[in-house]
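# Reading the structure
So the chains spell out like this:
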Amino acid sequence: MKKPIIYDCDGVLLDIIGGLRKALWEIDGIKTNGPIPRSYDLKEWMGVDDQAFVIDRILRFNNGEGDYFSNLEPLPGSVEFVKAMRERGYTDSVLTAAGKEAKIKAGRRSNLDRAFGGFTEIQYVGLTESKKPFLEKMPTSWFIEDNIGNAHLGAATGHDTLLIEYEHNATKTGDEDFRRVKDWAEIRSIFDAQHVPAHTL
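The structure displayed is predicted, hence computed values, not measured ones.

So, how was this worked out
Residues numbered from 1 in each chain as written. Predicted model: local features only at pLDDT ≥ 70, side-chain atom pairs only at ≥ 80, totals over all residues. Heavy atoms only, no water. Pairing = 2+ DSSP bridges. Helix = DSSP H or I, 4+ residues; strand = E, 2+ residues; numbered from the N terminus. Axes fitted to C-alpha atoms, helices over the stretch in contact; angles between N-to-C directions. Contact = heavy atoms within 4.5 Å. 1 Å grid on protein atoms, 1.4 Å probe; cavity = no way out; pocket = protein on both sides within 12 Å on 5 of 7 lines; lining within 4 Å. Points joined across faces, edges and corners; volume = space filled by probe spheres on them. Nonpolar A, V, L, I, M, F, W, Y, C, P; charged D, E, K, R; others polar. Core = buried A, V, L, I, M, F, W, Y, C linked by side-chain atoms within 4.5 Å. Buried < 20%, exposed > 50% of the residue type's maximum accessible area, 1.4 Å probe, protein only. Right-handed = clockwise from strand over helix to strand, strands pointing away. Phe/Tyr/Trp six-rings, centres within 6.5 Å; stacked < 30°, edge-to-face > 60°. Patch = residues over 30% accessible without salt bridge, like charges linked within 9 Å, V, L, I, M, F, W, Y side chains within 5 Å. Areas by Shrake-Rupley, 256 points an atom, 1.4 Å probe, with all protein chains shown as cover. Salt bridge = Lys/Arg side-chain N within 4 Å of Asp/Glu carboxyl O. Expected span 1.5 Å × (residues − 1). Arc of directions from axis to C-beta.

Across the sheet, which stays open at both edges, the six strands sit in the order 3-2-1-4-5-6 with parallel pairing between neighbours. A strand with exactly one partner marks an edge of an open sheet, and here the two such strands are strand 3 (122–124) and strand 6 (179–181). Strand-to-strand twist across the sheet, computed as the mean angle between neighbouring axes with direction ignored, equals 25 degrees. Helix 4 (residues 78–87) rests against strand 1 (5–7), strand 2 (92–96) and strand 4 (142–145) of the sheet, and its axis sits at about 160 degrees to strand 1. Against the sheet, helix 7 (residues 148–156) engages strand 4, strand 5 (160–164) and strand 6, with an angle of about 165 degrees to strand 5.

The structure is reproduced here in structure tokens:
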């Protein structure tokens, strides 16, 4: 029996940074320092000194200001991967830490429906809430993330965890019981290796 696949959403399936960057420019008149952040601290990327502004901006974005959040583009290779794994018989779900408000849930689900044909199960985690209790309750799965802390949690709770590497998470954090990958093509090669027929004598 194939292990299920748990997908994080932002930075894994959907391009939240691209959407947020567009919103910052079109609504706030803020030109970000480069196309993607270089660290988890978004103040430098946004060109602001106030962390409270960063949190407020993300909350407004996620809650539907300007309708960017519900119309994020899928990241290159993600749609094809999800489709291919479903055809191979993998079950899947999404574990997303964008927030639990009704507007966030509605926007996220409609976005995933359009881009991926939907997911039977989407679990919503608060913006600053830990994914650990959710991961502990789920059967042993593949877990695909872009957040180092969550990748550690995935490995610690028994999941085969893959971390999609970006500039902001490229620095290694001591012992890592998860695997770093560059993109969906590398992830696909890992899953392809699971399907190589055994040699017959």
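Next comes the rest of the description.
Bringing empty space enclosed by the protein into the picture now. On inspection of all chains with the given rule, the structure shows one cavity of 30 Å³ or more. Split into classes, the residues belonging to the lining of the largest cavity amount to two nonpolar, two polar and three charged.

Along the chain, the position of alanine 155 falls in helix 7. Considered as a pair, alanine 155 and lysine 3 are 152 residues apart in the sequence and their alpha carbons are 15 Å apart. When near neighbours in sequence (up to four residues on either side) are disregarded, alanine 155 contacts Thr161, Asp177 and Phe178.

The biggest cluster of nonpolar side chains holds 44 residues, and the ones touching the most others in it are Tyr7, Leu13 and Ile144. In terms of nonpolar packing, the next biggest core, distinct from the first, is built from seven residues, Leu95, Phe134, Met138 and Phe143 among them.

For the rest of this paragraph, the subject is the pairing of strand 5. Strand 5 sits mainly inside the fold: four of its five residues count as buried. Relative to strand 5, strand 4 is paired through four bridges, and the arrangement is parallel. Paired with isoleucine 144 across the two strands is leucine 162, which belongs to strand 5. The parallel pair strand 4 and strand 5, bridged by helix 7, forms a crossover whose chirality is right-handed. Inspection of the sheet shows strand 5 paired to strand 6 by three bridges, in the parallel sense.

The next point concerns the layout of surface pockets. One number sums up the size of the largest pocket: a volume of about 940 Å³. At the level of elements, helix 1 (16–28) and helix 3 (51–62) are the ones that each hand at least two residues to the lining of the largest pocket. Counting residues per element, the lining of the largest pocket draws most heavily on helix 3, which supplies six residues. Broken down by class, the residue content of the lining of the largest pocket amounts to 17 nonpolar, ten polar and eight charged.

Looking now at the packing of aromatic side chains. By convention here, two paired aromatic rings are described through the distance between centres and the angle between planes. All told, the structure shown has ten aromatic pairs when counted by the stated rule. Where phenylalanine 81 meets phenylalanine 191, the ring centres are 5.2 Å apart and the plane angle is 80 degrees; that geometry is what we call edge-to-face. Within this pair, whereas phenylalanine 81 is found in helix 4, its partner phenylalanine 191 is found in helix 8 (residues 184–193), the two being separated by 110 residues in sequence. Residue class for phenylalanine 191 comes out buried when judged on its relative accessible area of 0%. Three or more aromatic residues joined by ring pairs make a cluster, and in this case those are Tyr7, Phe81, Tyr90, Phe116, Phe119, Trp142, Trp184 and Phe191.

So, on to the pairing of strand 4. A two-sided burial pattern is seen for strand 4, the buried positions comprising Trp142 and Ile144 on one face and Phe143 and Glu145 on the other. With three bridges connecting them, strand 1 and strand 4 associate as parallel partners. Counted as the bridge partner of isoleucine 6 is phenylalanine 143 from strand 4.

Our focus in this paragraph is a nonpolar patch on the surface. A grouping of Ile55, Leu59 and Leu127 is seen on the molecular surface, where their side chains present a nonpolar patch of about 200 Å² in accessible area. Position of leucine 59 among the secondary structure elements: in helix 3.

Glancing now at helix 1. Compared with the 18 Å implied by 1.5 Å per residue over 13 residues, the 17 Å span of helix 1 between its first and last C-alpha is a close match. Among all positions of helix 1, only Ile16, Gly19, Leu20, Ala23 and Leu24 are buried. Along the long axis of helix 1, the arc covered by the buried residues comes to 140 degrees, so they all point the same way. In this structure, the buried residues of helix 1 make contact with helix 2 (43–46) and helix 3.

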